[in-house]
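One letter stands for each residue in the lines below.
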Amino acid sequence: MTIEALTGQALSGISVGMVLFLIAAGLSIIFGTLKVLNLAHGTIYMVGGFLCYILTSKLAHIPGIFWWALLFAPIAVALIGGVIEVLLLRRIYAQEMLYQYILTFALILIGGDTCRFFFGVGYQTVAVPWPVNGNIALWGLSFPTYNLFLIGCGIVVFLGLSALMRYTSLGSIVRAVTHNRETANALGINVPRVYTGVFMLGSYLAGLAGTLMPPMSVVALGSDMAVIIECFIIVVIGGLGSLPGAFLGAIILGLLNAFGIYIIPKLALAFPFMLMIVILIIRPWGLLGKPE
Amino acid sequence: MILVSLVLLIVPFVFSRSMVSLINEMLIMALAGCALNLMLGYGGMVSFGPAGLYAVGAYATAILLTKYGAPFFVAVLAAPVVAAIVGAIVGWFCVRRSAVYFALLTLAFAQIIWTIIFEWYDFTNGDNGIVSIPIPEVLYVGSNIYYFSLAIVAVCIFVLWRIVNSPFGATLQAIRENPMRTEFIAVPVRRYQLAAFVISSFFLGIAGSLFCVFAGSVFPDYAHWVKSTDMLVVCLLGGIYNFAGPIVGSAVYILISKVISKNTTYWMFFLGIIIVFLVLYMRNGMVGFAAEKISRLRNRLDAGKGEDES
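The structure reproduced in this document is the subject of the present report. On a predicted model such as this, the values are computed, not experimentally measured, just so you know.

Remarks on the overall build of chain A
Logical step 1: Of regular secondary structure, chain A possesses 11 helices and two strands.
Logical step 2: Seen in sequence order, chain A has helices and strands lined up from the N terminus as α-α-α-α-β-β-α-α-α-α-α-α-α.
Logical step 3: Taking 2.2 N^0.38 as the reference for a compact globule, 292 residues should give roughly 19 Å; the C-alpha atoms of chain A span a radius of gyration of 19 Å, in line with that estimate.
Logical step 4: In chain A, buried positions account for 49% of the 292 residues.

Dropping the structure here:
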């Protein structure tokens, strides 16, 4: 393979990985703090995608509509997430894992059919927005600008979230609740509100990813299933609850997906799962997670 | 139990052909549910992988019948054996971890099985599935296929019932309640969990094989984790802490999904709502719910009797 093709593949893999990082970061934070593995996270992402499509297609006469969608769609998704958390998830925190899985799985069913009701089964596309359409020449090679934009977004979100967690009082509160719910409660922290807030943050990230992905791909039913599996793999590799882990995991998965087809094409689909199994066996808390 | 068996025996004479077919499906799902519940309800091991073992059984029978022209009984008998072997390999890896990591491992393995079935075109026919499987003609006479399923399912469920009520079953439940304590009384916890996994896989393989015979075709989606969640819902619907739970759950689940899908194309939405209702209000499933009500009634009657006597 030529250098151009190699870097092109790597970059495209990493940019998809960055979008997956956003979703996986949400999943990881939600698991780290609420101790719930949210199967419906992919569905939240998909809803974000559909909202992006609706806004950009129905309001196409507004210039720069994509950027407005990028501003508002994730907020709407976060609100939906908040409603879900307050009405449904709150009641099952005390229960066993099995019931949490099944409940969030039910949300996949409900969300999926709701999207089908409003948007039908076909796939929709969103045009790459100005000014990040077209290609950029770097080191004599040409890359789609949007891919680089996505990588930039991923890095910005990662740094921003890490800063939020480490340097703000809000971040300290979240970290306190993550570390020990009872003690945080005893210190007067309103734990249920923190839970709702974290879930909304996770949903916001998924909605953001959902809005960023369509120009590079399509908006379609079934994207929730595909995405949630990839995110599981990412958070397992990186470590459930670890933000840098999700970032690292996303890059690894992006590269694995981009290059796996060149190594053994038949098994390419299975590589991520095999890596997942290896990590779960030898180091279940992931590359950057902490053993419990 | 005897009443139910009698009813099941005369079903083909009373009901229409499509109803018999439906009950046939319920029986197979009931077996799959009971097999899964050995791990889930009695062992406390949440697995996202039962569909993988189920598909292994189905494909084993399908491939033996089509590619190798094996005799029918060999193909059907081989399925649980193959499934148990795969279950042993997968289980060996999975039981090394517990709780959420165990679940994720089973998910990963199930998806690997799905990928192998999907990609290994030469062997499994990939995403086309295997269709027109040569099932012996005699099974298509009258309701013979129904009795075939009924006989095998009945025997298997009886065996599972014996396993659950044996010392093995009791130890498994002890492990479910408190693995650490059970380890302290010198029980090899991992070995018991692996045994439960393999037994579960064995019966899941039979269920898969029966479905292959029933449907005459197999597809990779039999192994997908979404199918696994169907089985989990079946167990939960009936109640994971009662032996009859998955059986009741299977009947209700298949009935509901057929009824709903006949009336609306958005059946997944309604199924989701039902599941939410189930998780929030009926965690012990229908059998658990019924058992609770019956025991409360009994207590009230006994209390009344006590007062009269004193």
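A closer look at helix H11 (residues 225-238) of chain B
Residue and element names in this part refer to chain B.
Logical step 1: In this model, H11 (14 residues) spans 20 Å end to end at C-alpha, consistent with the 20 Å of a helix rising 1.5 Å per residue.
Logical step 2: In terms of burial, H11 is a largely internal element, 11 of the 14 residues being buried.
Logical step 3: Every buried residue belonging to H11 is among Trp225, Ser228, Thr229, Met231, Leu232, Val233, Val234, Cys235, Leu236, Leu237 and Gly238, and all of these are buried.
Logical step 4: Taken from the residues just after H11, Gly239 is the one with a positive phi, measuring 120°.

Comments concerning the interface of chain A and chain B
Logical step 1: Taken together, the contacts link 31 residues of chain A with 31 residues of chain B.
Logical step 2: Elements that contribute at least two residues to the side of chain A that touches chain B include exactly helix H4 (97-119), helix H9 (223-238) and helix H11 (271-282) of chain A.
Logical step 3: Considering each element in turn, the side of chain A that touches chain B owes the most residues, 14 residues, to H4(A).
Logical step 4: In terms of residue class, the side of chain A that touches chain B is built from 26 nonpolar, two polar and three charged.

A look at the nonpolar core
Note that soluble globular proteins tend to have their nonpolar side chains buried in a common cluster.
Logical step 1: By size, the foremost hydrophobic cluster in this structure holds 201 residues, and its most contacted members are A:Ile23, A:Ala24, A:Ile102, B:Leu31 and B:Ala207.
Logical step 2: Leave out the neighbours within four places in its chain, and A:Ile23 touches A:His41, A:Tyr45, A:Leu205, A:Ala206, A:Ala209, A:Val227 and A:Cys231.

Considering the packing of helix H5 (residues 145-167) of chain A against helix H6 (residues 169-179) of chain A
Residues and elements named next belong to chain A.
Logical step 1: For the pair H5 and H6, the least separation of the axes is 5 Å and the interaxial angle reads 80°. Classed by the angle they form, the pair H5 and H6 counts as roughly perpendicular. For the pair H5 and H6, the contacting residues are Leu164, Met165, Arg166 and Tyr167 in the first and Leu170, Gly171, Val174 and Arg175 in the second.
Logical step 2: Considered class by class, the residues forming the contact of H5 with H6 number five nonpolar, one polar and two charged.

Section: the environment of B:Thr171
Residues and elements named next belong to chain B.
Logical step 1: Its place among the elements puts Thr171 in helix H8 (residues 167-177).
Logical step 2: Taking the C-alpha atoms as reference points, Thr171 and Thr182, separated by 11 residues in sequence, lie 8.1 Å from one another.
Logical step 3: Ignoring sequence-local partners within four residues, the contact set of Thr171 consists of Val187 and Tyr192.

Definitions and limits used
Residues numbered from 1 in each chain as written. Chains lettered and ligands numbered in written order. Predicted model: local features only at pLDDT ≥ 70, side-chain atom pairs only at ≥ 80, totals over all residues. Helix = DSSP H or I, 4+ residues; strand = E, 2+ residues; numbered from the N terminus. Rg over C-alpha atoms; globule rule 2.2 N^0.38 Å. Buried ≥ 20, exposed ≤ 12 C-beta atoms within 10 Å, placed from the backbone. Expected span 1.5 Å × (residues − 1). Contact = placed C-beta atoms within 7 Å. Nonpolar A, V, L, I, M, F, W, Y, C, P; charged D, E, K, R; others polar. Core = buried A, V, L, I, M, F, W, Y, C linked by C-beta atoms within 7 Å. Axes fitted to C-alpha atoms, helices over the stretch in contact; angles between N-to-C directions. Parallel < 35°, antiparallel > 145°, perpendicular 65-115°, else oblique.

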